[in-house]
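Structural overview
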Amino acid sequence: MRLVKLFVVIITVLVASIPSSHAQVFPQPDARIEQAQVRPEADARIEIVWPHDLAGNPVPLTQADRANVRVYLFERGIRDAYCFTSDIGLYLMMATNNDVPSPLHVQGIVGPRRVTQGNISFFAWDFNDVDVSLARNPENRLYFIVSEFGLLPGPKVGATLYVQSNVWAHGANALTFFPLQDTPIGTAPAPPPGPLPRIDPKIQIVWPHDRQGKEVPVTQADLVNIGVTIFHHGTLISVSPEDARSVQLYQALNQEPLRPVALGQKRIVMARGITYPVWEFNNIDVSAARDPRNKYFFQVTDGSDRSNIWVHGADGRTYFPIQDVPDTGCP
């Protein structure tokens, strides 16, 4: 285990010092994350996703093979830069269409690196040459979020920095399109916790309605009901009806970080002869999306594995013309 920790620290230091032209593979999550002490204290904000061709020339996203992604860290809930004294790495995660997000192997990671805007100095992470070629097809949508790992000095185990991230939607039409819900083909007890994905929580439906419970278009809805099914990773096998896990819904407005808003209520349903559980979140406020300039992002987690990302609004594309500048920088 000491060798594993030493290897991760070395990789993180190298990432911060190697130019983007050098190939660097970001390490995969490991059991260290679950063993580490969690400290919920930072907001990760994806500030820009810059599409370009293989030669590095800027092009429209429907012509782009690659993109450069920049991330800033802020103190939780405010615009002060998050300043740290230990090696902290960030995972860039991507979800394609209705799939769950997974960490990317990115060539050309630079960070944390110090940047200065005006008289404010702070840190940034750059993920260069991310493969976004799937979005050349206007039927595809890519969603980026940030996850984390980190090691702090300690005699036994390091502490993991826990971040809450905004969502960046990349695609010609980034709204969620999920006309047919996935139906389980069977059920089985969930496997025990571990470092690799075990389950795939899947947001199956976001149903907009008014305050009287009548279905209405997105731009007229004050509330939504959300339904979630939990499958074994990579399958259509649901967890068993006896599963009693807690499922947390996260919500973000526009470019704000995802925040916890509700716990799901389990209900047992039957479809095609299969009895399985679903988790429901009713009467979630989405009134800001009545303005077509606004959008909401939804994701659920059981505390370990994350779901797909659902975009609710008239236009799902990220529009972020001016990058954030921290109110307070780092010494």
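Residues numbered from 1 in each chain as written. Predicted model: local features only at pLDDT ≥ 70, side-chain atom pairs only at ≥ 80, totals over all residues. Heavy atoms only, no water.

A separate point is the side chain of Asp 65. On the secondary structure map, Asp 65 appears in the loop between strand 1 (37–52) and strand 2 (66–75). On the basis of relative accessibility, which here comes to 18%, the residue Asp 65 falls in the buried class. Here Arg 136 takes part through its side chain, which lies 3.3 Å from a polar atom of the side chain of Asp 65. Discounting residues that sit within four places of it in the chain, Asp 65 has contacts with His 52, Leu 54, Val 130, Asp 131, Val 132, Ser 133 and Arg 136. (Helix = DSSP H or I, 4+ residues; strand = E, 2+ residues; numbered from the N terminus. Buried < 20%, exposed > 50% of the residue type's maximum accessible area, 1.4 Å probe, protein only. Polar contact = N/O pair within 3.5 Å; in protein donor to acceptor, adjacent residues only side chain to side chain. Contact = heavy atoms within 4.5 Å.)

Before going further, it helps to spend a moment on the packing of aromatic side chains. Inspection of the entire model under this criterion finds three aromatic pairs. With 4.8 Å between their ring centres and 80 degrees between their planes, Tyr 72 and Phe 122 make a pair best called edge-to-face. One end of the pair, Tyr 72, is in strand 2; the other, Phe 122, is in strand 6 (residues 120–131), and 50 residues separate them in sequence. Residue class for Tyr 72 comes out buried when judged on its relative accessible area of 1%. If you follow Arg 45 out to its NZ or CZ, it ends over the ring of Phe 74, 5.9 Å from the centre. (Phe/Tyr/Trp six-rings, centres within 6.5 Å; stacked < 30°, edge-to-face > 60°. Lys NZ or Arg CZ within 6 Å of the ring centre and 35° of its normal.)

Close reading of the predicted structure is inappropriate where its pLDDT is low. Of all residues in the protein chain, 83% have pLDDT values of 70 or greater, and the mean over the chain is 83. By mean pLDDT, helix 1 (residues 2–17) is the weakest element of the protein chain at 35, and strand 17 (residues 274–285) is the strongest at 98. With pLDDT under 50 throughout, residues 150–159 is counted as low confidence; its partners more than four residues away or in other chains account for 28 contacts. (pLDDT = per-residue confidence, 0-100.)

The four strands lie next to each other as 15-14-18-19, forming an open sheet whose pairing is antiparallel. The outermost strands of the open sheet, each flanked by one partner alone, are strand 15 (259–263) and strand 19 (310–313). Direction aside, the axes of adjacent strands within the sheet are offset by 30 degrees on average. (Pairing = 2+ DSSP bridges. Axes fitted to C-alpha atoms, helices over the stretch in contact; angles between N-to-C directions.)

A word on the environment of Val 218. Secondary-structure assignment places Val 218 in the loop between strand 11 (199–209) and strand 12 (223–232). Note: C-alpha distance between Val 218 and Pro 292 (74 residues apart in sequence) is 9.0 Å.

Time to look at the nonpolar core. Taken as a class, soluble globular proteins show a tendency for nonpolar side chains to be buried jointly. Ranked by internal contacts, the top residues of the largest apolar core, which has 38 residues, are Val 71, Phe 127, Val 130 and Phe 144. Of all the secondary structure elements, the ones that give two or more residues to this core are strand 1, strand 2, strand 3 (88–96), strand 5 (109–117), strand 6 and strand 7 (142–150). The element best represented in this core is strand 6, accounting for seven residues. In this structure, Val 130 is in contact with Asp 65, Arg 66, Ala 67, Val 69, Leu 92, Leu 104, Val 106 and Phe 144, ignoring residues within four places of it in sequence. Among the nonpolar cores identified, the runner-up in size contains 21 residues, and Ile 199, Trp 279, Tyr 296 and Trp 310 belong to it. (Core = buried A, V, L, I, M, F, W, Y, C linked by side-chain atoms within 4.5 Å.)

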